[in-house]
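Each chain, letter by letter, is given below.
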Amino acid sequence: MDKGLIVAISGPSGVGKGTVAAAVEAKLAGVRDVAHSISVTTRPPRGTEQDGVEYYFRTREEFEDLIDQGQIIEYDEYLGNYYGTPAGPLAKMAEEGKIVLMDITIEGSLNLKRFFGDDAVTIFITPPSMEELRKRLEGRQTDAADVIARRLEQAKVEIQRAEEFEYILENRDVDETSDEILKIINKER
Ligand code: 5GP
């Protein structure tokens, strides 16, 4: 059986991690056994999001109970909400030889690496430039100017931590970046 691998992807807001992770999953479909880890969060659902699909939506109290029960393998706080990875399913997926792509905060990626060692690989995605990141955040048209300014400030702080990751990829083009990740997956296994 092929070895499983947890692919932990981090990077600043607007850099395109989610799109890149989805592109990698699409390229692996039918070639490798891909699995999806559903995180638990205390943030409310957005738009059409459903409990148990995008996330398990829980109250803060419920989330803290899960931590106390040892059911969360790593968690982090992001913009005032908890986000965490359920322990059991992830360990099982890795054991079953699956590739699990995770779009996760910096601390989350580093914690998964500490926990899973060689069964995890950490990838940091950077924007081609801060100007390009600003354009992408503005292009989303979901955030007010002050929110974008805050995200850009946050991005500068986050990019300084890229060196803590095993791989750093500059996301100029989703197709290119997802191919790079496929190469990393083949090499790491
Ligand atoms: P959003 O609210 O936009 O869905 O996610 C916000 C942030 O939470 C994203 O940067 C995402 O990478 C991160 N995130 C989602 N799930 C988890 C998780 O299980 N653990 C950690 N540490 N971060 C997560």
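Use the structure listed above.
First, a word on what this report is: a plain description of the structure on this page. (Residues numbered from 1 in each chain as written. Predicted model: local features only at pLDDT ≥ 70, side-chain atom pairs only at ≥ 80, totals over all residues. Heavy atoms only, no water.)

Brief notes about the overall build of the protein
Rules: Going along the chain from the N terminus, every DSSP run of H or I of four or more residues is numbered as a helix, and every run of E of two or more is numbered as a strand. Burial status follows relative accessibility: with a 1.4 Å probe on protein chains alone, a residue under 20% of its type maximum counts as buried, one over 50% as exposed, and anything between as partly exposed. Contact definition: two residues touch when any of their heavy atoms are within 4.5 Å. With residues, only the protein chains shown are counted as cover, and all accessible areas are computed by Shrake-Rupley using a 1.4 Å probe. Positive charges come from Lys and Arg, negative ones from Asp and Glu, while His and the chain ends are left out of the count. Each charge is placed at NZ for Lys, CZ for Arg, CG for Asp and CD for Glu.
What the protein contains, in helices and strands, is 7 helices and 9 strands. In terms of overall dimensions, the protein has a C-alpha envelope of 45 × 40 × 30 Å along the principal axes. For the protein, the proportion of its 189 residues judged to be buried stands at 44%. By sequence separation, contacts in the protein at least 24 residues apart represent 69% of the contacts at least 6 residues apart. Within the structure as shown, the protein displays about 10100 Å² of accessible surface, and the carbon and sulfur contribution to it stands at 48%. Here the protein contributes 24 positive and 37 negative side-chain charges, whose respective centroids are spaced 3 Å apart.

Looking at a negative patch on the surface
Our working rule: The patches reported here contain residues having more than 30% relative accessible area and no salt bridge. Joining distances are 9 Å for like charges and 5 Å for nonpolar side chains (Val, Leu, Ile, Met, Phe, Trp, Tyr). Definition used for salt bridges: Asp or Glu carboxyl oxygen within 4 Å of a side-chain nitrogen of Lys or Arg.
On the surface, a cluster of negative charge is made up of E61, E62, E64, D65 and D68. In this structure, E64 sits in helix 2 (residues 60-68). The exposure class assigned to E64 is partly exposed, which follows from its relative accessible area of 34%.

With respect to the packing of aromatic side chains
Stated formally: Any two of the Phe, Tyr and Trp rings considered here, Trp counted by its six-membered ring, make a pair once their centres fall within 6.5 Å; the pair's planes then place it as stacked at under 30 degrees, edge-to-face at over 60, or tilted in between. Two conditions define a charge located above a ring, namely a distance within 6 Å from the ring centre to NZ of Lys or CZ of Arg, and an angle within 35 degrees of the ring normal.
Counted under the stated rule, the structure contains 8 aromatic pairs. Ring centres of F63 and Y82 lie 4.8 Å apart, and the angle between their planes is 15 degrees; this geometry places the pair in the stacked category. With F63 in helix 2 and Y82 in strand 6 (residues 81-86), the pair connects residues that are 19 residues apart, well separated along the chain. Both residues of the pair, F63 and Y82, count as buried. Measuring from ring centre to ring centre gives 5.2 Å for F124 and F165, while their planes differ by 65 degrees; the resulting arrangement is edge-to-face. Remark: F165 occurs in the loop between helix 6 (145-159) and strand 9 (167-170) and F124 occurs in strand 8 (residues 120-126); sequence separation between them is 41 residues. Here F124 falls in the buried class, since its relative accessible area comes to 0%. We classify F165 as buried; its relative accessible area is 6%. Of the aromatic side chains, those joined through ring pairs into one cluster are Y55, F57, Y78 and Y83. Positioned above the aromatic ring of Y82 is the side chain of R60, whose terminal nitrogen or guanidinium carbon lies 4.3 Å from the ring centre.

Let's talk about the site of the ligand
Put simply, the test is: Put simply, a residue is near a molecule or strand once any heavy atom of it comes within 4 Å of that molecule or strand. Whenever two N or O atoms come within 3.5 Å, that pair is a polar contact, provided that in protein one can donate a hydrogen and the other can accept it, and provided that, for residues adjacent in sequence, both atoms are side-chain atoms. In this classification, the charged set is Asp, Glu, Lys and Arg, the nonpolar set is Ala, Val, Leu, Ile, Met, Phe, Trp, Tyr, Cys and Pro, and all remaining amino acids, among them Gly, are polar.
Of all residues adjacent to the ligand, which total 15 residues, the nearest are S39, R43, Y55, Y83 and D103. Within the side chain of S39, a nitrogen or oxygen atom sits 2.7 Å from an oxygen atom of the ligand. Separating an oxygen atom of the ligand from a backbone N or O atom of G84 is a distance of 3.2 Å. Coverage of the ligand by the protein chains reaches 88% of its 520 Å² of free accessible surface. Secondary structure elements with two or more residues in the shell around the ligand: strand 5 (72-78) and strand 6. Its residues assigned to classes, the shell around the ligand comprises 4 nonpolar, 5 polar and 6 charged.

Observations concerning the packing of helix 5 (residues 130-140) against helix 6
Going by this rule: Between the N-to-C directions of two axes lies an angle of 0 to 180 degrees, each axis being a line fitted to C-alpha atoms and, for a helix, fitted only over the stretch in contact. Our angle categories are set so that under 35 degrees counts as roughly parallel, over 145 as roughly antiparallel, 65 to 115 as roughly perpendicular, and the remainder as oblique. Throughout, a crossing is termed right-handed when the near helix is turned clockwise from the far one, and left-handed when it is turned anticlockwise from it by less than a right angle.
Their axes nearest at 10 Å, the elements helix 5 and helix 6 cross at an angle of 140 degrees. By the angle between their axes, helix 5 is oblique relative to helix 6. As for the relative orientation of helix 5 and helix 6, their crossing is right-handed in sense. When helix 5 is examined against helix 6, the residues M130, L133, R134, L137 and E138 are found in contact with a partner set consisting of I148, R151, L152, A155, K156 and I159. Partitioning the contact of helix 5 with helix 6 into residue classes produces 7 nonpolar, no polar and 4 charged.

Considerations on the sheet that holds strand 7 (residues 99-103)
For clarity, the threshold we go by: By definition, two strands form a pair when at least two bridges between them are found by DSSP.
Reading across the sheet, the 5 strands line up as 2-7-1-8-9 and stay open at both edges, with parallel pairing between neighbours. Both edges of this open sheet fall to strand 2 (34-35) and strand 9, since each of them pairs with a single strand only. Examined bridge by bridge, strand 1 (residues 5-10) and strand 8 share 5 bridges and lie parallel to one another. In the strand pairing of strand 8, A8 is matched with T122. With respect to the sheet, helix 7 (residues 174-188) is in contact with strand 1, strand 7, strand 8 and strand 9, its orientation differing from that of strand 9 by roughly 160 degrees.

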